[in-house]
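# Close look at the chain arrangement
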Amino acid sequence: MLNIRKYRSGDEEGFHKLDRELEEHPYNRRSISNYIWKFKGKNPFGKSVSYFSTNKKKIIAHFGAIPLGWYIKNKYVLSGCSIAMMIKPEWQNKGLIKFVGDKVFQDLKMKKVKLVYGYPNLRAHDLHIKFWNYENLIKQYTYILKTKSTYTPSKFNAVEIKKFDKNYDIFWKKNKKNYKAILDRNSKFLNWRYFNRPDKKYYCFKIIDSKQSNLGYFVLKIYKYKNVKKIHIVDLFIKKLKTNDLISICQTILNVIHKKKLNQSEISFWLNGDKNLVNAFKFFGFKKNSYRWMILKGIDEKYFKAYKAELKNPYFTMGDTLEIY
């Protein structure tokens, strides 16, 4: 007998089994501890939404969303990241996943979520648009440097941190207004996002100048693909600086990667909404590679239409999606 329902204690095991059956990529796989962190953890923006379809008490489909705060035109709005749309092959093409997703969006509306975005794979992309009226927002390119970093002195320094503190929040409040649309990168969220995740280790650094002033932060993550170590610059947020200083920022990041011997053959990042910083990375040889669509749906259609122009060029990094990064 088919049933569609919210998460129940113990569902994470069935979720994990379904993921192992469906997911093809071999790196950064989902885990039970990751599910608990995302959907049951202490996300400062609120409780996540996770719906399942079952047949004879066995999980056959899932769709979920994580609430995330954003600033649009420097005004706070509760948004969400939709993730983990999965359905067993024998139940595909029957419309079942639409009913599961509809429950998710109904729940988000009750939570006063205004917008929801996602980064589905190619198979799921068309279904999001067809079933739930998502719209293509931006092509999120991956920028890649395929040679090892080298050490060159920089005018700035990087200091590894174990926590984002109140001093960081002061920095964030001063600099978030430079972007029309940006994820709320407050310290509580960043600490949950990068230090509380149980199944992966992140390396977090702040960048300082000669006067010890904070210029921003960056986050690194190592992963393996076909037994080769690679590295993501998962997240970075830098204050507005001149071109030469941005180049020095990038050199500082590469120096950390080199000094810690983190990279083997490839460094990659996402960065939308800051062309000057992207160009600084290009100075070192980073080039565009593949892309994924960032898609967006208005839960509150009136709000979505009112702020659609500002949403067309959001500041966005890998860490702003809660899917695989």
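Bear in mind that the values here come from a model prediction, so they are computed numbers and not experimental data. (Residues numbered from 1 in each chain as written. Predicted model: local features only at pLDDT ≥ 70, side-chain atom pairs only at ≥ 80, totals over all residues. Heavy atoms only, no water.)

## Things to note about unusual backbone geometry
Selection rule: Numbering goes from the N terminus for both helices and strands, where a helix is a DSSP run of H or I of at least four residues and a strand is a run of E of at least two.
One non-glycine residue with positive phi stands out, namely Asn-74, at about 65 degrees. Assignment of secondary structure puts Asn-74 in the loop between β3 (58-72) and β4 (75-87).

## Structural notes on the side chain of Arg-197
Convention followed: Throughout this description, a polar contact denotes any pair of N or O atoms lying within 3.5 Å of each other; where both atoms belong to protein, one of them has to be capable of donating a hydrogen while the other can accept it, and for residues adjacent in sequence the pair is counted only when both atoms sit in side chains.
Here Arg-197 is to be found in the loop between α6 (187-195) and β9 (203-208). Looking at Arg-197, its side chain comes within polar contact range of the side chain of Asp-199, at 2.8 Å. Separated by 2.7 Å, the side chains of Arg-197 and Tyr-202 make a polar contact.

## What to know about the environment of Thr-150
Convention followed: Burial classes: relative accessible area under 20% of the type maximum marks a residue as buried, over 50% as exposed, and values in between as partly exposed (1.4 Å probe, protein chains only). Contact criterion: two residues are considered in contact whenever any of their non-hydrogen atoms come within 4.5 Å of each other.
Within the secondary structure layout, Thr-150 lies in the loop between β6 (135-145) and β7 (157-161). The class of Thr-150 is exposed, set by a relative accessible area of 53%. As a C-alpha pair, Thr-150 and Leu-254 span 104 residues in sequence and 7.1 Å in three-dimensional space. In this view, Thr-150 contacts Gln-251, Asn-255 and His-258; residues no more than four positions away in its chain are not counted.

## As for the pattern of salt bridges
What counts is decided by this rule: For this analysis, a salt bridge means a side-chain nitrogen from Lys or Arg found within 4 Å of a carboxyl oxygen belonging to Asp or Glu.
Summed over all chains, the structure comprises 18 salt bridges. Lys-88 is the partner of Glu-21 in a salt bridge, and the nearest nitrogen-oxygen pair spans 2.8 Å. Placement of the pair is Glu-21 in helix α1 (residues 11-22) and Lys-88 in the loop between β4 and α3 (96-110), with a sequence separation of 67 residues. According to the relative accessible area criterion, Glu-21 is partly exposed, its value standing at 43%. Put simply, Lys-73 and Glu-310 hold a salt bridge, and the shortest N to O gap is 4.0 Å. Placement of the pair is Lys-73 in the loop between β3 and β4 and Glu-310 in the segment after α9 (301-306), with a sequence separation of 237 residues.

## A closer look at the packing of helix α7 (residues 243-259) against helix α8 (residues 275-282)
How we decide: Each axis is a line fitted through C-alpha atoms, taken for helices only over the stretch in contact, and angles between the N-to-C directions span 0 to 180 degrees. Under this scheme an angle from 65 to 115 degrees is roughly perpendicular, one under 35 degrees roughly parallel, and one over 145 degrees roughly antiparallel; angles in between are oblique. By convention the crossing between two helices is left-handed if the near helix lies anticlockwise of the far one by an angle smaller than a right angle, and right-handed if it lies clockwise. We call Asp, Glu, Lys and Arg charged. Ala, Val, Leu, Ile, Met, Phe, Trp, Tyr, Cys and Pro are nonpolar, and the rest, Gly among them, are polar.
Here α7 crosses α8 at 55 degrees, and the two axes come no closer than 8 Å. By the angle between their directions, the pair α7 and α8 is classed as oblique. In this structure, α7 meets α8 at a crossing whose hand is right-handed. Residues Leu-246, Ile-247, Cys-250 and Ile-253 of α7 lie in contact with α8, whose contacting residues are Asn-276, Leu-277, Ala-280 and Phe-281. Residue composition of the contact of α7 with α8, by class: seven nonpolar, one polar and no charged.

## Things to note about the packing of aromatic side chains
Describing an aromatic ring pair means giving the distance of the ring centres and the angle of the ring planes. Stated formally: When the centres of two rings from Phe, Tyr and Trp lie within 6.5 Å, Trp using its six-membered ring, the rings pair. Their planes under 30 degrees apart give stacked, over 60 give edge-to-face, and anything left gives tilted.
Under the definition given, this model contains 40 aromatic pairs. With centroids separated by 6.0 Å and ring planes inclined at 50 degrees, the aromatic side chains of Phe-164 and Phe-195 adopt a geometry described as tilted. Note that Phe-164 is positioned in the loop between β7 and α5 (166-175) and Phe-195 in helix α6, a separation of 31 residues in sequence. The class of Phe-164 is buried, set by a relative accessible area of 3%. What makes Phe-195 partly exposed here is its relative accessible area of 26%. For the pair Tyr-168 and Tyr-217, a centre-to-centre distance of 5.7 Å together with 80 degrees between the ring planes defines the contact as edge-to-face. Here Tyr-168 is found in helix α5, whereas its partner Tyr-217 is found in strand β10 (residues 214-225), with 49 residues between them in sequence. As far as the burial class goes, Tyr-168 and Tyr-217 line up, both buried.

## What about the pairing of β4?
Inclusion rule: Strands qualify as paired when DSSP identifies two bridges or more between them. A clockwise course of the path from the first strand over the helix to the second, judged with the strands pointing away from the viewer, identifies a crossover as right-handed.
Burial of β4 is extensive: eleven of the 13 residues sit out of reach of the surface. Looking at chain direction, β3 and β4 are connected through eleven bridges and run antiparallel. Across the sheet, residue His-62 finds its bridge partner in β4, namely Met-86. Two strands pair when backbone bridges link them, and β4 and strand β5 (residues 115-118) are joined in this way by three bridges, in the parallel orientation. By the bridge assignment for β5, Cys-81 is matched with Tyr-117. Note that the unit made of β4, α3 and β5 has a crossover that is right-handed.

## Considering the environment of Lys-282
Tracing the sequence through the fold places Lys-282 in helix α8. When its relative accessible area of 38% is taken as the criterion, Lys-282 is described as partly exposed.

## Some words on the state of the cysteines
Formally: Any cysteine sulfur atom paired with another within 2.5 Å is treated as part of a disulfide.
By the definition in use, this model includes zero disulfides. Here Cys-204 is not disulfide-linked; the sulfur of Cys-250 is the nearest cysteine sulfur, at 18 Å. Judged by its relative accessible area of 0%, Cys-250 is buried.

## Comments concerning the side chain of Ser-82
Its place among the elements puts Ser-82 in strand β4. Only 2.7 Å separates the side chain of Ser-82 from the side chain of Tyr-134, close enough to count as a polar contact.

## Regarding α8
Applied cut-off: Along the arc lie the directions from the helix axis toward the C-beta atoms.
Residues of α8 that are buried include every one of Leu-277, Val-278, Ala-280 and Phe-281, and no others. For α8, the angular spread of buried residues about the axis comes to 155 degrees, placing them on one side. Residues of α8 that are buried make contact with β6, β11 (228-238), α7 and β12 (267-270).

Shape is all these values report; function is a separate question.
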